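Take a look at the letters that make up each chain.
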Amino acid sequence: MGLTRQYLRYGPAALFGLVASARGNAAFVALRGERGRCVAVPACEHVFVWDTRKGEKVLILKGLKQEVSCLCPSPDGLHLAVGYEDGSIRVFSLLSGEANVTFNGHKAAVTALQYDHLGGRLVSGSKDTDVIVWDVINESGLYRLRGHKDAVTQVLFLKEKNLLVTSGKDTLVKWWDLDTQHCFKTLVGHRTEVWGMALISEEKRLITGSADSELRVWDITYIQEVKDPDEPESKKSKGSSPGAEENAEEDETLELDEHPEERLVKCSKAGSIMREGRDRIVTLATDRTGKILACHGTDAVLEVFSVLSEEEVQKKLEKKMKKAKKKAKQNSEEEPERSVELSLQDEIQRVANVRASSKIKSFDLILSPKGELKIVLLLQNNIIELYNLNLSAQVPQAVRASRITIGGHRSDVRTLAFSSDNIAILSAAAESVKIWNRLTLQCIRTMDCEYALCSLFVPGDRHVIVGTKTGKLQLYDLASGSLMETLNAHDGAVWSIALSPDQRGFVTGGADKCIKFWEFELVKDESSVQKRLSMKHVRILQLDEDVLCVRYSPNQKLLAVSLLDCTVKIFYIDTLKFFLSLYGHKLPVLCMDISYDGTLIATGSADRNVKIWGLDFGDCHRSLFAHDDSVMYLQFVAKSHLFFTAGKDSKIKQWDADKFEHIQTLEGHHQEVWCLALSPNGDYVVSASHDKSLRLWERTREPLVLEEEREMQREAEYEESVAKEEQPVVAGETQGEIGLAGKKTIETIKAAERIMEAIELYREEMAKLMEHKAVCKAAGKEVPFPVNPILRAYGNITPSAYVLEVFKKVKSSELEESLLVLPFSYVPDLLRLFNEYIHLGLEVELLCRALLFLLKIHFGQITGNHMLVTVIENLKKTTISRVSEARDVLGFNMAGLQYLKREIEAKDEVTFFADATDRFEEKKRKRKKKEKMVLAVL
């Protein structure tokens, strides 16, 4: 076998030009203990944490490949749960920025995430219609709840009871009892999808938002509160009048007779609040205190409501009563007192409307102790806006506090260019041209423009030219960042621009069926002494079809022009005479490039093919099926016959034009790639996509061998197919409302294989040990025993200890799924080993969990096997004694901690945990006030 040609691998270097993706939701996070300053937003596969005051990125939580679809900060503010498009969930530490836990359970994008009030459990809803409850502390899945018939839109824990409320696009709101893990109630009062849901008034009310302008309000009453005979009377009547209580009891007895499923909660419609938006709800949420409710539709207006507390409602009711009494006195003395009731609109009042600069995609709220509301808005056009709303004002008005825009374009980037020194990158979109520094990825210049379609750096890199959709050519000076000249070049869009190889001019092609030749010239303005750069139109070539792309040959003898009739015409530049016609594409050629030596021309078309032609005779060397959608851009690497293509299938591919081989695929973008640019030295590729991101790819020194690349591709495909196979089932179990939380992935299969290998090694070593004992007995002396190299690597441990080591290394979230795919032949050995470990008191908690799961899934086979009867009996004894020991230790420790807490409280005469934070906050507020006063005096 001869030497294979080696290529150098291009790898991802950076993601920039993106402020926030509109796919997920924004969330306030507390960094360094400060709330309301930092906000976490999705950015393709990463999560960016922005400091809204400085407008800087303070933390990047790096993702893998999938796009972020959902965020949820933990109640303690130390962690952030991130849901992805492939259904995985990762929990990041905001202190280190690393992912501690990964949960795999959903088959489709995660659409909703919520922590319980302690932060110990996390519930996730997905497009696959399942709801999964995860144990964050144990890092494992608890159970899967099935019941929705369409994507889940919101999930909420109820603090009071161990209940969960979920809403979905199937128009249903479901109530789940997490103690028994079943759905005990379904609200069916909606005609359309339930897009949002929120709990208010200390979880006594539920608000749902659907596809109309009505927010439906539901009253929640916990039936067990009244029905519980052990509960003392005083507690029962607290906060409600005796009359109301009697009525409630009567209602509930009637209700229970009619609806036996309403044993836990009674949920009745209280009314509706009309919002101003006519379209569907996109986000409906409250702040953490539940005092403020806000919602928005598919427009740019956020509607903010205030929810009155019970005391405020009572005060309002008393005022109304006084007014009613006054009125009754004025009208006639004898008129009986009319009953006064508060409407729903009085209890949930509209505060203000916040109008953003573009469509809102999501928001988050924080209410400060002073009564100021901070609102962060994630907008559709790559902007984050922060508003302050003073609720104590007579007429609350939202004031924009800050805005993060500089880091990206408002719309899709349609053209990119590299400067001749490989340092500056130009990107242009529908509203602006930006110049970026490749090294720092900072935006150096932003200049307003019309809808840009093509661009180039003028030789010398001090000016740039942009061709627009309206047919104009705009010339910018980079030093001043100003527009120097605008020329009406074409009657239609300027689709393509190409610099001449002698660098004295350029050529443009437009939708007006013209090709125009331009030269650079220096002109003198009347106002200034110095000459400035300008563009002079010198020649024109009229054609029969719209021009989509133009390119010069490097020797400046030929000009290639792609037309709307799917052909590429080659002309002589000096005489503009026709030379060749390249035809064969079924759809128009959108992009093309000529190699550095002028021998090859590669054309990329909307028919998804790339064709490589010889430029001497116009013969087609090869046609390659390049992308799964239109090929949008194509460019040769400098001084080589390698070229890159960008497609609407979100992929960038590298090809060899001599061997007609696909070298590598650069995957990273999540939507259509519109354009790319290669640096003049060929070391960098920059690409722009519909996902608003710009990505920089760097040529590494790592060699790329095609055979190895194909092998890796096949392995990745196999792993993907394994994960997509049918999920393993537990014998005798039917598909019900509840299921296992995890799912089969390549990691769970690998974990099961590692356990199997460890047990096989244990069997072999035990057999060897038996043989060794027999040999020693026969020889009458101690013969040296050869130690297995794996056991030696672990520090000469015993085979059984090695199995435990392997078992401990299985991720907690993957344990159940790994045991599910483990063949039964390995289970008897595992049970014997478990007995040995538990007897020694090793990893009792982990082993009990695994033991109970194995008993659950292999119950029939274990109980039917006489060999295992004694093992199970022994396990029963050792497990019960060890678990009760562990429980006693926990109880002792808990009692000790409580005793210490009481001691400290008695010494300091303060409630240790409750008051400490409040006092600290108060001190901080006073200090700030003092500083302000000092500043005012100065």
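Residues numbered from 1 in each chain as written. Predicted model: local features only at pLDDT ≥ 70, side-chain atom pairs only at ≥ 80, totals over all residues. Heavy atoms only, no water.

1. Considering the sheet that holds strand β31 (residues 424-428)
Part 1 of the argument: Taken in spatial order, the four strands line up as β30-β31-β32-β33 in an open sheet, and their pairing is antiparallel. Looking at which strands have only one partner, the edges of the open sheet turn out to be β30 (415-418) and β33 (443-448). Mean inter-strand twist for the sheet, computed between neighbouring axes without regard to direction, equals 15°.
Part 2 of the argument: Of the strand pairs in this sheet, β30 and β31 are connected by four bridges, and their pairing is antiparallel. Paired with L416 across the strands is S427, a residue of β31. (Pairing = 2+ DSSP bridges. Helix = DSSP H or I, 4+ residues; strand = E, 2+ residues; numbered from the N terminus. Axes fitted to C-alpha atoms, helices over the stretch in contact; angles between N-to-C directions.)

2. Let's talk about the side chain of K434
Part 1 of the argument: Among the secondary structure elements, K434 is positioned in strand β32 (residues 432-437).
Part 2 of the argument: Among buried charged residues, K434 stands out as having no salt bridge; its nearest opposite-charge side chain is E431, 6.6 Å away.
Part 3 of the argument: Only 3.2 Å separates the side chain of K434 from the backbone oxygen of I406, close enough to count as a polar contact.
Part 4 of the argument: In this structure the side chain of K434 is engaged in a polar contact, spanning 3.1 Å, whose partner is the side chain of T446. (Buried < 20%, exposed > 50% of the residue type's maximum accessible area, 1.4 Å probe, protein only. Lys, Arg positive; Asp, Glu negative; His and termini not counted. Salt bridge = Lys/Arg side-chain N within 4 Å of Asp/Glu carboxyl O. Polar contact = N/O pair within 3.5 Å; in protein donor to acceptor, adjacent residues only side chain to side chain.)

3. A few points about the packing of aromatic side chains
Part 1 of the argument: Applying the stated criterion to the full structure yields 11 aromatic pairs.
Part 2 of the argument: Pairing F103 with W134 gives two aromatic rings, centres 4.6 Å apart and planes at 15°, and the pair type is stacked. Here W134 lies in strand β12 (residues 131-135) and F103 lies in strand β9 (residues 99-104), a separation of 31 residues in the sequence. By the burial criterion, F103 is buried, and W134 matches it.
Part 3 of the argument: When the ring of F571 is compared with that of F578, the centres are 6.0 Å apart and the planes differ by 75°; the resulting orientation is edge-to-face.
Part 4 of the argument: You can call F571 buried: its relative accessible area is 7%.
Part 5 of the argument: For F578, a relative accessible area of 46% puts it in the partly exposed group. (Phe/Tyr/Trp six-rings, centres within 6.5 Å; stacked < 30°, edge-to-face > 60°.)

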